[in-house]
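Below, each chain spelled out in residue letters.
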Amino acid sequence: MTSLHIRKLAFVAAGISILSSCVIPDDTSSIAKVDATTAAARKEMVGLSEADVRMCAGFPTATADTGPSGQIWTYQRTVQRGNLSIAVPTMAVGAIPAVGGSVNVAPGGYCNTQIRMLNGHVAEVAYAGDNNLPNSRDALCVSTVDACVAYARQRKATPVSR
């Protein structure tokens, strides 16, 4: 190999190492903001009746009786997204160390939205699972609660006798 070829390979290897340093961490909770809709659901869904939640979110995937603490309704959502995966082969040239890696953009995930029912009404909303996106926490849970947030806002704007 000529020195020109080695310089070109070194330049390519440097570019690859820069790209591989842009990998998004698995846990984005320290750098991402909480999704506005899921944050609103934690407050605005409180007080909705069991019938209200069934109207806006459907029937829960699972329920658990927690005795005096009421019931916990779980809504499980798996999100399949088209994702872009770039895999860079590992290579080493002479004294240049091995460089390689991969980048995943917009991977899928899952969300378990848990709603605590106490005396027939929502007392608390929480989220669990692999539900973060690179710049937004709990974002994969939006599809479960967005209709309920709108429903709760509508109920507060136009009270209906129950």
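Sequence order sets the numbering: in each chain, residues are counted from 1 along the sequence as written. Only residues with pLDDT of 70 or above have their local features reported here, since the model is predicted, and side-chain atom pairs are shown and tallied only from 80 upward, although totals for entire chains, interfaces and linings are computed over all residues. No hydrogens and no water enter the side-chain calculation; it runs on all heavy atoms of the structure.

Engineer: Just to check I follow, could you spell out the packing of helix α2 (residues 36–44) against helix α4 (residues 142–157) for this structure?
Structural biologist: Working note: a packed helix pair is described by the angle between its axes plus the distance between those axes. At a minimum axis separation of 9 Å, α2 and α4 run at an interaxial angle of 50°. Overall, the two elements α2 and α4 adopt an arrangement that is oblique. Like other packed secondary-structure pairs, α2 and α4 cross with a definite hand, here left-handed. Packed against α2, whose contacting residues are T37, T38, A40, A41 and E44, the element α4 presents V142, V145, D146, V149, A152, R153 and K156 at the interface. When residue character is reported, Ala, Val, Leu, Ile, Met, Phe, Trp, Tyr, Cys and Pro are called nonpolar, Asp, Glu, Lys and Arg charged, and the others, Gly included, polar. Considering only residue class, the contact of α2 with α4 consists of six nonpolar, two polar and four charged. Note on geometry: axes are lines fitted to C-alpha atoms, helical ones only across the stretch in contact, with angles between N-to-C directions running from 0 to 180 degrees. Only DSSP runs of H or I reaching four residues or more are called helices, and only runs of E reaching two or more are called strands; each is numbered from the N terminus. In these notes the angle categories are as follows: under 35 degrees is roughly parallel, over 145 is roughly antiparallel, 65 to 115 is roughly perpendicular, and the rest is oblique. With the far helix as reference, a near helix turned anticlockwise by less than a right angle produces a left-handed crossing, and one turned clockwise produces a right-handed crossing. Residues are treated as being in contact if the distance between any of their heavy atoms lies within 4.5 Å.

Engineer: What am I meant to see in the pairing of strand β6 (residues 109–118) here?
Structural biologist: On any regular strand, side chains alternate: one points to one face of the sheet, the next to the other face. Strand pairing requires that DSSP identify at least two bridges connecting the strands. Bridging between strand β3 (residues 71–79) and β6 involves nine bridges; their strand directions are antiparallel. The residue of β6 that forms the bridge with Q71 is M117. Two elements, β6 and strand β7 (residues 121–128), share seven bridges in a ladder whose sense is antiparallel. Along β7, the bridge assignment pairs T113 with Y127. Linking β6 to β7, which pair antiparallel, is a turn of two residues; within it N119 sits at a positive phi near 55°.

Engineer: Mind showing me how you'd approach unusual backbone geometry here?
Structural biologist: If a residue is not glycine, its phi is most likely negative; likewise, a peptide bond is most likely trans. Here N119, not a glycine, exhibits a phi torsion of approximately 55°, which is positive. Relative accessibility thresholds used throughout: buried, under 20% of the residue-type maximum; exposed, over 50%; partly exposed, between the two (1.4 Å probe, protein chains only). On the basis of relative accessible area, N119 is assigned to the exposed category, the value being 73%. Here D138, not a glycine, exhibits a phi torsion of approximately 65°, which is positive. Given a relative accessible area of 11%, D138 falls into the buried group.

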